[in-house]
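# Structural description and commentary
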Amino acid sequence: MILYHVVSTYQLLHSIVHKEKYYSNKKTVVLISEFLCDKFQNYLDLKKSFFDEVIVMDNKALSDRKQDMISNTTKYFDSLLHGNRIGLSEVEEIIVGCAHYYFGIYLTTKGINFTFLEDGSGLISRPEIVYDIEMNLDPNKNEICNNLGLYNASNKYIKKIICNTKAQKSGFNDERIEHMDLIDCIKIMDMNKVEDLLVFFDVNKKISIPENSTLIMTQHFSNLKILSHGDQIEIYKLLVDYFVDSGSIVFKPHPDDLTYYDSIFPTSVVVQDVFPSELIPFVFENEPKTVMTISSTAINNLKGHYEKLIMFSAYFEKHFKIIHKYYTALRVINNANFKENIFEINSDNQTLVNLAEMFDITIQNASNNPLEKSDYKFAKVILMDDTQVNEKVNELLDEVSDDTLLIFINTNNSYFFYQYPNKYVFDNIVPIIINLIDKDSNIIEETQIMWAYSKRKEVRDMVNSIEIQKELTNSNMLLQVNELSEEEIKIKVLEGILSATEKRLDHYIKLESELREKLKKAGIKS
């Protein structure tokens, strides 16, 4: 007998396809979360079409066991399995989706071997994503699961890992991996079973969408308390404004996303059918031209099946307004005709690369391998952000060629490029002021500032002379960068020195406080 455990729609689909590929001739039982049964009222069809038995887990009974969680979880599953006449010693393989759910805790504390089915595509190499979500939902269970190694599959009772290796971080490997590309597997399934699969997920006929569409797979950020509802609307407006130049927009909302995209984007098409994203290649009459998401892992399984996929990072979720600065920086580079030897350090690399494709600009990532001094003389442009603190920037400023342009994006306004009291950096700097103007009132709603550094005045003058305008139609804004007068530059530089001094002093005070705390813990008087 083969036992599957599923909590999410992704895991349910994965288990069905895995069963059809490997265990179509064996008895199979699925433990299914109660909220999945609420989502799929036809869940008993699983027994008719795919599994021999379907056993429902009581979510409330499990979540109510916060006190003495391990002991009570053990009692619950002992009773559930015994009541359904399942002896785990007789099960050939236990395949567990969502190992950090209660059944994973049960198996590891009982010392029972099992197979780890990753939570979502690409997540086994990115366990921090699941960890952060679970921390918001249940810190107590989160700590237990983290200690048991149920996020990164490090627990010794996990003997195999099922995942799509093409969806993982570059360089990720584990000798326990069993590679499984869901879409490839569905393509070779018996056609009758594929039909059963589509019908179960309520796709009873092909869905019609316009040709050359951009399909946007949304996420339920506000439900997960990652963004406010207003910010969730704004992030998708910006996504469309920057990345959909032509063709129709098609939204495929996450099942838990209740946003009314058809009212926000009146000309868009909203796919109301609720089905796993891995079924996208099988459900449309016209294939979308581009598939885009912010950070949904579901897109990872579509790699190799669509020519153009656009996705962003988890960092972008909360810092999505950086898109204005990144776009402006690339417009400056493009207008200056600096097309070669472009490096970036400490940026949100994925956002930068996505935008750079518009201008046919290749960005070389130096974040994880800081530029060697020998590289400085070849760098035409270095884009630097402060997603991480870099204390060696001044060394770079001393070493770069006179012809090199550095653009300090300064997303978090840390002024990392300034080391107190070395104000000389501001002698070779020019501000780039981005105004975001409300198109109805013509009032500046927001101002963002970046800094361009070059040892050559003619390069600084050239950067300052570049004027930029971009209409953000869905956001109802106009992005505008205008040339500054000498007086305006002087004022902004003085303001920058003041802000930078305050930021750096705050930084040094924090470092001193942390050092004092370390000395105190070590019993050393400061």
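Described in the following lines is the structure provided in the data block. Remember, predicted model here, so these are calculated numbers, not experimental data.

If you walk across this open sheet you meet the five strands as β10-β9-β8-β11-β12, and the pairing is parallel. Both outer strands of the open sheet, β10 (269-270) and β12 (308-310), are each paired with one neighbouring strand and no more. Relative to strand β11 (residues 290-293), strand β8 (residues 214-217) runs parallel, the two sharing four bridges. In the sheet register, L215 faces β11, and the bridge partner there is V291.

To continue, consider the nonpolar core. One finds L383, F408, F417 and F426 to be the most contacted residues of the largest nonpolar core, which totals 85 residues. In terms of residues, this core owes the most to one element, helix α15 (residues 322-335), which gives eight residues. The next biggest cluster of nonpolar side chains, apart from the first, holds 51 residues, and it includes V6, I207, V271 and V283.

For the rest of this paragraph, the subject is unusual backbone geometry. One non-glycine residue with positive phi stands out, namely D202, at about 65°. Relative to the assigned elements, D202 resides in the loop between α10 (191-200) and β8. A relative accessible area of 47% places D202 in the partly exposed class.

Once that is clear, we can look at α10. The complete set of buried residues in α10 reads V194, L197, L198 and F200. Down the axis of α10, the buried side of the element spans an arc of 165°, and every buried residue falls inside it. Those residues of α10 that are buried are in contact with α1 (9-22), α3 (45-49), α9 (182-187) and α13 (280-283). Of the residues that open α10, the one with a side-chain oxygen 2.9 Å from the backbone nitrogen of N192 is D190. Of the residues trailing α10, D202 is marked for its positive phi of about 65°.

Let's shift gears to the pattern of salt bridges. Per the counting criterion, the structure on display carries 19 salt bridges. The closest approach of N and O atoms between R176 and D174, which form a salt bridge, is 2.9 Å. One salt bridge connects E458 with R456, and the closest N-O pair in it is separated by 3.7 Å. Under the relative-accessibility criterion, R456 is labelled partly exposed at 31%. One connected set of salt bridges, linked through shared partners, spans E93, K160 and E178.

We now examine the packing of aromatic side chains. Going through the model one piece at a time under the given rule, you end up with 22 aromatic pairs. Their ring planes at 40° and their centres at 5.3 Å tell us that F77 and Y106 sit as a pair that is tilted. Taken together, the positions of F77 in helix α5 (residues 69-83) and Y106 in helix α6 (residues 102-110) put the pair 29 residues apart, joining distant regions of the chain. Three or more aromatic residues link up through ring pairs in this structure, and these residues are F221, Y236, F251, Y261 and F265. Taking the ring centre of Y102 as reference, the NZ or CZ of K141 above it sits at 5.4 Å. Positioned above the aromatic ring of F275, the side-chain terminus of K252 is 4.6 Å from the ring centre.

For α15, which comprises 14 residues, the first-to-last C-alpha distance of 20 Å matches the rise-based estimate of 20 Å (1.5 Å per residue) to within 8%. Most of α15 is tucked away, with twelve of its 14 residues classed as buried. Listed as buried for α15 are I322, I323, H324, K325, Y326, Y327, T328, A329, L330, R331, V332 and I333. Positioned one or two residues after α15, N337 has a phi angle of 60°, which is positive.

Turning our eyes to something else, we now look at the sheet that holds strand β13 (residues 342-345). Ordered in space as β14-β13-β15-β16-β18-β17-β20-β19, the eight strands form an open sheet in which the pairing is mixed. Looking along the sheet, the strands with just one partner apiece sit at the ends: β14 (363-365) and β19 (468-472). Neighbour to neighbour, the strand axes of the sheet diverge by 25° on average, direction disregarded. Across the face of the sheet, α15 comes into contact with β13, β14, β15 (381-384), β16 (405-408), β17 (429-438), β18 (444-453), β19 and β20 (477-481) while running at roughly 140° to β19. Contacting β16, β17 and β18, helix α19 (residues 457-465) runs over the sheet at an angle of about 5° to β17.

What follows deals with the pairing of β15. On a regular strand, one side chain projects to one face of the sheet and the next to the other, so that they alternate. The two faces of β15 match: V381 and L383 on one face and I382 and M384 on the other face are all buried. As defined by bridge partners, β13 adjoins β15 across four bridges and the pair is classed as parallel. The residue of β15 that forms the bridge with E344 is L383. As paired elements, β15 and β16 share four bridges and run parallel to each other. Residue pairing for β16: M384 is matched across the bridge by F408.

Looking now at the pairing of strand β5 (residues 114-117). With three bridges connecting them, strand β4 (residues 93-97) and β5 associate as parallel partners. Its bridge partner being in β5, G97 is matched across the sheet by L117. Handedness of the β-α-β unit built from β4, α6 and β5 comes out right-handed. Here β5 pairs with strand β6 (residues 158-163) via four bridges, running parallel.

Rules and cut-offs
Residues numbered from 1 in each chain as written. Predicted model: local features only at pLDDT ≥ 70, side-chain atom pairs only at ≥ 80, totals over all residues. Heavy atoms only, no water. Pairing = 2+ DSSP bridges. Helix = DSSP H or I, 4+ residues; strand = E, 2+ residues; numbered from the N terminus. Core = buried A, V, L, I, M, F, W, Y, C linked by side-chain atoms within 4.5 Å. Buried < 20%, exposed > 50% of the residue type's maximum accessible area, 1.4 Å probe, protein only. Arc of directions from axis to C-beta. Contact = heavy atoms within 4.5 Å. Polar contact = N/O pair within 3.5 Å; in protein donor to acceptor, adjacent residues only side chain to side chain. Salt bridge = Lys/Arg side-chain N within 4 Å of Asp/Glu carboxyl O. Phe/Tyr/Trp six-rings, centres within 6.5 Å; stacked < 30°, edge-to-face > 60°. Lys NZ or Arg CZ within 6 Å of the ring centre and 35° of its normal. Expected span 1.5 Å × (residues − 1). Axes fitted to C-alpha atoms, helices over the stretch in contact; angles between N-to-C directions. Right-handed = clockwise from strand over helix to strand, strands pointing away.

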